[in-house]
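Breakdown of the fold
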Amino acid sequence: SQTIHQWPATLVQPVGSPLSLECTVEGTSNPNLYWYRQAAGRGLQLLFYSVGIGQISSEVPQNLSASRPQDRQFILSSKKLLLSDSGFYLCAWMERGFNQPQHFGDGTRLSIL
Amino acid sequence: DQQVKQNSPSLSVQEGRISILNCDYTNSMFDYFLWYKKYPAEGPTFLISISSIKDKNEDGRFTVFLNKSAKHLSLHIVPSQPGDSAVYFCAAREGGFKTIFGAGTRLFVKA
């Protein structure tokens, strides 16, 4: 069966520090991969998605970047964190094809001080 | 511009009764709709979905209804159980990649 791992679960970082969140998927090949952010009291905002290694699409201009160095690895990064980067970050994967649901990791709670 | 709207931030229901969660959308090109359930500090869990060619899909206690002319879908949970207390997200997709989520509705099921 397929599983998705996302770490760390919580992270407290000072303003201006770098960020690296990692997500890996097991049990599937060539999935679509996604990064979402949930701000307090808000819905899920799509940040990035990837349909293959090295292919990244950005949905909103921001202080973050994403990379997909391997088929089942998706990384969310920042060179200098802002206070507004605080939130709950979720990685998700989806099988190729139409009418497939996305499956989410357990998320990373990021607090910027 | 919110393409998927869940206008009720919260809903309270008695155990054993029906829970009805509503969702409206604006993009008539959406062709696939999903409901997710989320507990605090966890990722959303997929519950049920429906294609735009259908108007109803049922899975156990969960039924999703789609009214394309009204651009409205709803999730019915019968009977509601205390373990159903969570935040429910409605989501919609056009084509194969991007899924747009609503802001969520928090369901409280009282014992």
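This text gives an overview of the structure that appears in the document.

Along chain B, the regular secondary structure elements total zero helices and eleven strands. On C-alpha atoms alone, chain B measures out to a radius of gyration of 13 Å, which is about the 13 Å that the 2.2 N^0.38 rule sets for 111 residues. A principal-axis box enclosing the C-alpha atoms of chain B has dimensions of 40 × 30 × 20 Å. Taking all contacts inside chain B whose residues are at least 6 apart in sequence as the whole, residues at least 24 apart take part in 53%. Positive and negative charge centroids in chain B, built from 13 and 10 side chains respectively, lie 3 Å apart.

Quick look at the interface of chain B and chain A now. In this assembly, 21 residues from chain B lie in contact with 22 residues from chain A. Looking at the side of chain B facing chain A, the largest losses of area belong to F97, K98 and F101 of chain B, adding up to 29% of the total buried there. In this structure, the connection of chain B to chain A is made through one salt bridge. Here K98 of chain B ties to E59 of chain A by a salt bridge, and the two come within 3.2 Å at their closest N and O atoms. Across the contact surface, chain B and chain A share six residue pairs in polar contact (both at pLDDT 80 or more). For the side of chain B that touches chain A, the elements supplying multiple residues, two or more each, are β4 (32-38), β5 (45-51), β9 (86-93) and β10 (99-101) of chain B. Classifying every residue of the side of chain B that touches chain A gives ten nonpolar, six polar and five charged.

Taken in spatial order, the five strands line up as β1-β3-β8-β7-β6 (chain B) in an open sheet, and their pairing is antiparallel. Of all strands in the sheet, those bounded by a partner on one side alone are β1 (4-5) and β6 (56-59) of chain B.

Quick look at the side chain of Q73 of chain A now. All names here are of chain A. Along the chain, Q73 falls in strand β8 (residues 73-78). At a separation of 2.6 Å, a polar atom in the side chain of Q73 contacts the side chain of E22. Discounting residues that sit within four places of it in the chain, Q73 has contacts with E22, C23, T24, L33, S67 and R68.

The rules behind these values
- All residue numbers here refer to positions counted from 1 along the written sequence of the relevant chain.
- Think of it this way: whatever chain is written first is A, whatever ligand is written first is 1, and the rest follow in order.
- In keeping with the model being predicted, local features are shown solely for residues with a pLDDT of at least 70 and side-chain atom pairs are shown and tallied solely at 80 or more, while totals for entire chains, interfaces and linings include all residues.
- The side-chain quantities take in all heavy atoms of the structure and omit both hydrogens and water.
- Counting from the N terminus, the helices are the DSSP runs of H or I reaching at least four residues and the strands are the DSSP runs of E reaching at least two.
- Only the C-alpha atoms count toward the radius of gyration. The rule for a globule is 2.2 Å times the residue count to the power 0.38.
- For this analysis, residues touch if any pair of their heavy atoms sits within 4.5 Å.
- Charge counting follows a simple rule: Lys and Arg are positive, Asp and Glu are negative, and His as well as the terminal groups are ignored.
- Every charge is mapped onto a representative atom, which is NZ of Lys, CZ of Arg, CG of Asp or CD of Glu.
- Buried surface area refers to the total accessible area, computed with a probe of radius 1.4 Å, that the two partners give up upon joining, counted for both partners together.
- Note on definitions: salt bridges are taken to be side-chain nitrogens of Lys or Arg within 4 Å of carboxyl oxygens of Asp or Glu.
- We define a polar contact as two N or O atoms separated by no more than 3.5 Å, with the added condition that, inside protein, one atom must be a possible hydrogen donor and the other a possible acceptor, whereas residues neighbouring each other in sequence contribute only through side-chain atom pairs.
- Classes in brief: Ala, Val, Leu, Ile, Met, Phe, Trp, Tyr, Cys and Pro nonpolar; Asp, Glu, Lys and Arg charged; the others, Gly included, polar.
- Here, strands pair whenever DSSP counts at least two bridges between them.

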